[in-house]
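Next come the chains, spelled out residue by residue.
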Amino acid sequence: MNQSEIIKKNRDYSLFTWAVQNKVTGTPMVSGNGLFVYDADGNKYYDMRADQASCNVGKQHPKVIAAMKEQIDKLTCGSPQYSSIPKGNLSEKLISKLPDNFGKIFYTNAGADAVENAVKMAKIYTGRQKIISRYRSYHGATAGAASLTGDQRRWASEPGVPGAVKSLAPYCYRCPFGKKSGSCNLECATHIEEIMMYENPYNIAAVIVETVIGANGMLPPPDGYLKKLREICDKFNILLILDEVMAGFGRTGKFFAFEHYSIKPDMVVMAKGLTSGYIPLGAVAVSTDICNYFDDKYLPAGLTYSGHILACATADAVIEVIEEEHMVENAKNMGEYIDEWLKTLSHKHQCMDDVRGIGLMRGFELVYSRKTREPMCPYYGGASPVDELIRFMEENRILFGYTKNIVLITPPLICTKEQIDEVMSVLDNGLSLLDKYVHKVD
């Protein structure tokens, strides 16, 4: 099929996610290799979003594809109550990557149901009913995960699941407490304790946060934030669940993002980079204490595809490739290189501000004025100059992510300096189109 035929068939018979259906363009992608994807006309696109920050090892990695084919020839699937070689191997490998307080892995289909099962176990283990999450977060679109989500994608699921309590997220550029970065008392963390007191801390099972805020802005936590949050949770015997669905598997320059902050969570939620998006799989890493609790108690959790054999074999191969090809180190180095590029561009283009991120989770804000920090995109929808930039980049065969006025850059962990140079040169031209919108008041 040609381009138009592919698009028509998809639009005629498929519902696209998070979209007004008659506005979806649905650019067709028919093949891929490494950093690149190709449409039906053979046009090559730089995938600087790695699908949804999931395709960490790049498209069609030969070793991963070979492992998948080998497993397909042996056994593709099996009932979750049975043992399998891929599930055992993967669980052992994941536990070896985690702190010494972790015991076992529970497998799910994706990130949202990993969140659901982590929360379920937390409630059962603690005997408590409330969960604190944050605004400016995304944890998934199933009922429970959506209730914990702190952005507009939650609204359609409301009133939501009882017991979901929100707190404010750290956002130094637009600090909700009116503080300046580096001269605060981490009110973004300490105010969570105040919320706990209003909600009864002894009825709170867990706090769940994205280690690094992903789709809502690429926001690493301020220094000391996660350590303070760990201390607050420990004070009331509240579990700390870290959502590493986007930040895990090397994306931040560490295998898990929380390694940057020298803390030990009680549970870690994973998906996306776990299989590099090659096949759906999610997981919950569970502390030894929680595992021991269920040794002689019924665990009321299960999914038809839990521990899916082909998916586990794929994840095992992905982790091996990440290690063998030193992709974690490359993520750190290329992330720093992108940061240098973006800061150079920000000196040239007044529409850019607050270049930020960690590893290959990078972003920046587009503003009408650096003085007022007025965002170039309305918070509640509508066209903006940001759309113009994203459209320009796609016309030049470069795919970026974005949310509101924030451009998100999350390429595969295999990206090179040469590829980054090519992309940033085009971005330079695209930003020139937006400079005309800057208010001349600075």
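We now turn to the structure provided with this report. Going along each chain's sequence as written, the residues are numbered from 1 onward. Selection of residues for local features in this predicted model requires a pLDDT of at least 70, selection of side-chain atom pairs for listing and counting requires 80 or more, and totals for whole chains, interfaces and linings are taken over all residues. Heavy atoms throughout the structure, all of them, feed into the side-chain values; hydrogens and water do not.

**Overview of the packing of helix 12 (residues 385-395) against helix 13 (residues 417-434)**
Phase 1 of the analysis: Helix axes are fitted to C-alpha atoms over the stretch in contact, other axes to C-alpha atoms as well, and angles between N-to-C directions run from 0 to 180 degrees. Secondary structure elements are defined from DSSP: runs of H or I of at least 4 residues count as helices, runs of E of at least 2 residues count as strands, and each element is numbered from the N terminus. Where helix 12 contacts helix 13, the axes come no closer than 9 Å and their chain directions differ by 145°. Where helix 12 crosses over helix 13, the two elements pack in a sense that is right-handed. The segment helix 12 lies against helix 13, with Pro385, Glu388, Leu389, Phe392 and Met393 engaging Val423, Val426, Leu427, Asn429, Gly430, Leu431, Leu433 and Leu434.
Phase 2 of the analysis: In the scheme used here, Gly and all other residues not listed as nonpolar or charged are polar, with Ala, Val, Leu, Ile, Met, Phe, Trp, Tyr, Cys and Pro taken as nonpolar and Asp, Glu, Lys and Arg as charged. Residues of the contact of helix 12 with helix 13, tallied by class, amount to 10 nonpolar, 2 polar and 1 charged. Working rule for handedness: look at the near helix, and if it is turned counterclockwise from the far one by less than a right angle, call the crossing left-handed; if clockwise, right-handed. In what follows, a contact means two residues having at least one pair of non-hydrogen atoms within 4.5 Å.

**Examining helix 10 (residues 309-324)**
One turn of an α-helix holds 3.6 residues; hence residues three or four places apart share an orientation.
Phase 1 of the analysis: Under the 1.5 Å per step criterion, the end-to-end length of helix 10 is 23 Å for 16 residues, consistent within 8% with the ideal 22 Å.
Phase 2 of the analysis: Where helix 10 ends, the next residue or the one after it, His326, has phi of about 55°, a positive value. The span you would expect from a helix comes to 1.5 Å times its residue count less one.

**Thoughts on helix 3 (residues 62-74)**
Phase 1 of the analysis: Here helix 3 spans 19 Å end to end across 13 residues, near enough to the 18 Å set by a 1.5 Å rise per residue.
Phase 2 of the analysis: Every buried residue belonging to helix 3 is among Val64, Met68 and Gln71, and all of these are buried. What you see down the axis of helix 3 is that its buried residues fit within an arc of 65°, all on one side. For helix 3, exposure combined with an orientation more than 90 degrees from the buried face picks out Pro62, Lys69 and Asp73.
Phase 3 of the analysis: In this fold, the buried residues of helix 3 make contact with helix 4 (85-97) and helix 10. Here's how the labels work: a residue is buried when its accessible area is under 20% of the maximum for its type, exposed when over 50%, partly exposed in between, all with a 1.4 Å probe on protein chains only. To be clear, the arc concerns the directions from the helix axis to the C-beta atoms.

**As for the packing of helix 7 (residues 187-199) against helix 8 (residues 225-235)**
Phase 1 of the analysis: The interhelical angle for the contact between helix 7 and helix 8, taken along N-to-C directions, is 20°, at an axis separation of 8 Å. The orientation of helix 7 with respect to helix 8, classified from their angle, is roughly parallel. The two elements helix 7 and helix 8 cross, and the hand of that crossing is right-handed. Seen from helix 7, the contacting residues are Cys188, Ala189, Thr190, Ile192, Glu193 and Met196; seen from helix 8, they are Tyr225, Lys228, Leu229, Ile232, Cys233 and Lys235.
Phase 2 of the analysis: Broken down by class, the residue content of the contact of helix 7 with helix 8 amounts to 8 nonpolar, 1 polar and 3 charged. What sets the label is the angle itself: under 35 degrees gives roughly parallel, over 145 gives roughly antiparallel, 65 to 115 gives roughly perpendicular, and the rest give oblique.

**Points about the packing of aromatic side chains**
The description of an aromatic ring pair uses the distance of the two centres, along with the angle that the planes make with each other.
Phase 1 of the analysis: Pairs were defined over the aromatic rings of Phe, Tyr and Trp, the Trp ring being its six-membered one, requiring ring centres within 6.5 Å. Orientation was assigned from the angle between planes: stacked under 30 degrees, edge-to-face over 60, tilted for the rest. Under the defined criterion, the tally for this structure stands at 9 aromatic pairs.
Phase 2 of the analysis: When the centroid spacing of 5.4 Å and the interplanar angle of 85° are considered together, the rings of Tyr125 and Tyr293 count as edge-to-face. One end of the pair, Tyr125, is in helix 5 (residues 111-126); the other, Tyr293, is in helix 9 (residues 288-293), and 168 residues separate them in sequence.
Phase 3 of the analysis: Since its relative accessible area comes to 29%, Tyr125 is described here as partly exposed.
Phase 4 of the analysis: For Tyr293, a relative accessible area of 25% corresponds to the partly exposed category.
Phase 5 of the analysis: For the pair Tyr293 and Phe294, a centre-to-centre distance of 5.1 Å together with 90° between the ring planes defines the contact as edge-to-face.
Phase 6 of the analysis: By way of ring pairs, the aromatic residues Phe249, Phe255, Phe256 and Phe258 are connected into one cluster.
Phase 7 of the analysis: The lysine or arginine in question, Lys97, covers the ring of Phe255, its NZ or CZ lying 4.8 Å from the ring centre. In this scheme, Lys NZ or Arg CZ marks a charge over a ring once it lies within 6 Å of the ring centre and within 35 degrees of the ring normal.

**Things to note about the sheet that holds strand 2 (residues 36-38)**
Phase 1 of the analysis: Ordered in space as 1-2-3-13, the 4 strands form an open sheet in which the pairing is mixed. The open sheet has two edge strands with one neighbour each: strand 1 (31-33) and strand 13 (398-399).
Phase 2 of the analysis: If DSSP finds at least two bridges between two strands, the strands pair. Of the pairings in the sheet, the one linking strand 3 (residues 44-47) to strand 13 comprises 2 bridges and is parallel in character. Bridge pairing in strand 13 places Asp47 opposite Leu399.
Phase 3 of the analysis: Where helix 13 meets the sheet, its contacts fall on strand 2, strand 3 and strand 13, and the angle it forms with strand 3 comes to roughly 95°.

**Some thoughts on the pattern of salt bridges**
Phase 1 of the analysis: Salt bridges are identified by distance alone: a Lys or Arg side-chain nitrogen within 4 Å of an Asp or Glu carboxyl oxygen. Considering all chains together, one arrives at 25 salt bridges under this definition.
Phase 2 of the analysis: The partner of Lys93 in a salt bridge is Asp316, with the nearest N and O atoms 2.8 Å apart. Linking Lys93 in helix 4 with Asp316 in helix 10, this pair joins segments that are 223 residues apart in sequence.
Phase 3 of the analysis: For Asp316, a relative accessible area of 16% corresponds to the buried category.
Phase 4 of the analysis: One salt bridge connects Glu158 with Arg154, and the closest N-O pair in it is separated by 2.7 Å.

**Some details on the nonpolar core**
Phase 1 of the analysis: Grouped together as the largest cluster of nonpolar side chains are 110 residues, with contacts concentrated most on Met196, Phe364, Leu366, Phe400 and Leu427.
Phase 2 of the analysis: The element that contributes the greatest number of residues to this core is helix 10, accounting for 9 residues.
Phase 3 of the analysis: Of all hydrophobic cores here, the second largest spans 27 residues; its members include Ile241, Val269, Val284 and Cys291. Note on terminology: a nonpolar core comprises buried Ala, Val, Leu, Ile, Met, Phe, Trp, Tyr and Cys residues joined through side-chain atoms within 4.5 Å.

**Observations concerning unusual backbone geometry**
Phase 1 of the analysis: The omega angle of the peptide bond from Glu158 to Pro159 is 20°, so this bond is cis rather than trans.
Phase 2 of the analysis: Position of Pro159 relative to the elements: it lies in the loop between helix 6 (143-148) and strand 6 (164-167).
Phase 3 of the analysis: One non-glycine residue, Ala53, lies in positive phi territory at about 55°.
Phase 4 of the analysis: Its location among the elements puts Ala53 in helix 2 (residues 50-53).
Phase 5 of the analysis: In this model, Arg136 sits at a positive phi of 55°, which is unusual for a non-glycine residue.
Phase 6 of the analysis: Considering the arrangement of structural elements, one finds Arg136 in the loop between strand 5 (130-134) and helix 6.

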